[in-house]
Amino acid sequence: MARRDRTVLSRYLVAASRNMAQRMLDAYRVVEVRSADGSQPAPPEIAERFDGRLFTLRQLEERGVRITGKGAWYLAGGQDWQLKLEPAV
């Protein structure tokens, strides 16, 4: 890899890691909790764990939520639940 390419790649990785670090501190609201395939809403005892509060991505991870490129997932009752997140305004 050429030196110039390494420099560009290095700058990109630094910017991307700063962006992710900032996202970890931004507040989000869980607006919906559904089954993994999206066909069923979560039972109240699962959905209420996130209801009406703001969380950072880090706080969600501390509560057992897996943050992936495709969404947020929570394992409860022997089943994965998909969380729909929206940025808090």
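To be clear, the structure that these remarks concern was listed above.
This report concerns the structure included in the present document. Since this is a predicted model, take the numbers as computed values, not measurements.

Remarks on the environment of Ala72
Mapped onto the secondary structure, Ala72 falls in strand β4 (residues 71-76). Take Ala72: its relative accessible area is 1%, and that puts it in the buried class. Along the backbone, Ala72 and Gln82 are 10 residues apart, and their C-alpha atoms lie at a distance of 6.0 Å. Contact partners of Ala72, with chain neighbours within four places excluded, come to Val65, Arg66, Ile67, Trp81, Gln82, Leu83 and Leu85.

As for the sheet that holds strand β2 (residues 54-56)
Here five strands make up an open sheet; going across it, the order is β2-β1-β5-β4-β3 and the pairing antiparallel. One side of each edge strand has no neighbouring strand; the edge strands of this open sheet are β2 and β3 (65-68). Strand-to-strand twist in this sheet, taken as the mean axis angle between neighbours without regard to direction, amounts to 45 degrees. Strand direction decides the pairing type here: strand β1 (residues 27-35) and strand β5 (residues 79-87), joined by seven bridges, are antiparallel. Note on β5: the bridge partner recorded for Arg34 is Gln82.

Structural notes on the pairing of β4
Inspection of the sheet shows β3 paired to β4 by four bridges, in the antiparallel sense. Opposite Arg66, over in β4, you have Trp73 as the bridge partner. The antiparallel hairpin formed by β3 and β4 contains two residues in its connecting segment. Adjacent in sequence and paired antiparallel, β4 and β5 are bridged by two residues, among which Gly77 carries a positive phi angle near 60 degrees.

Focus on the packing of aromatic side chains
Evaluation of the coordinates by the stated rule reveals two aromatic pairs. Centre to centre, the rings of Phe50 and Phe55 are 6.1 Å apart; their planes meet at 70 degrees, and the pair counts as edge-to-face. For the pair shown, Phe50 and Phe55 are each scored as buried. On the basis of an interplanar angle of 90 degrees and a centroid distance of 5.0 Å, the ring pair of Phe50 and Tyr74 is categorised as edge-to-face.

Looking at the nonpolar core
Judged by nonpolar contacts, the single largest core of 15 residues is most densely connected at Val33, Phe50 and Leu83. The set of elements that each furnish at least two residues to this core consists of β1, α3 (57-62), β4 and β5. Once residues lying within four places of it in the same chain are set aside, the contact partners of Leu83 are Val30, Glu32, Val33, Phe50, Val65, Ala72 and Tyr74.

Quick notes on the rules
- Residues numbered from 1 in each chain as written.
- Predicted model: local features only at pLDDT ≥ 70, side-chain atom pairs only at ≥ 80, totals over all residues.
- Heavy atoms only, no water.
- Helix = DSSP H or I, 4+ residues; strand = E, 2+ residues; numbered from the N terminus.
- Buried < 20%, exposed > 50% of the residue type's maximum accessible area, 1.4 Å probe, protein only.
- Contact = heavy atoms within 4.5 Å.
- Pairing = 2+ DSSP bridges.
- Axes fitted to C-alpha atoms, helices over the stretch in contact; angles between N-to-C directions.
- Phe/Tyr/Trp six-rings, centres within 6.5 Å; stacked < 30°, edge-to-face > 60°.
- Core = buried A, V, L, I, M, F, W, Y, C linked by side-chain atoms within 4.5 Å.

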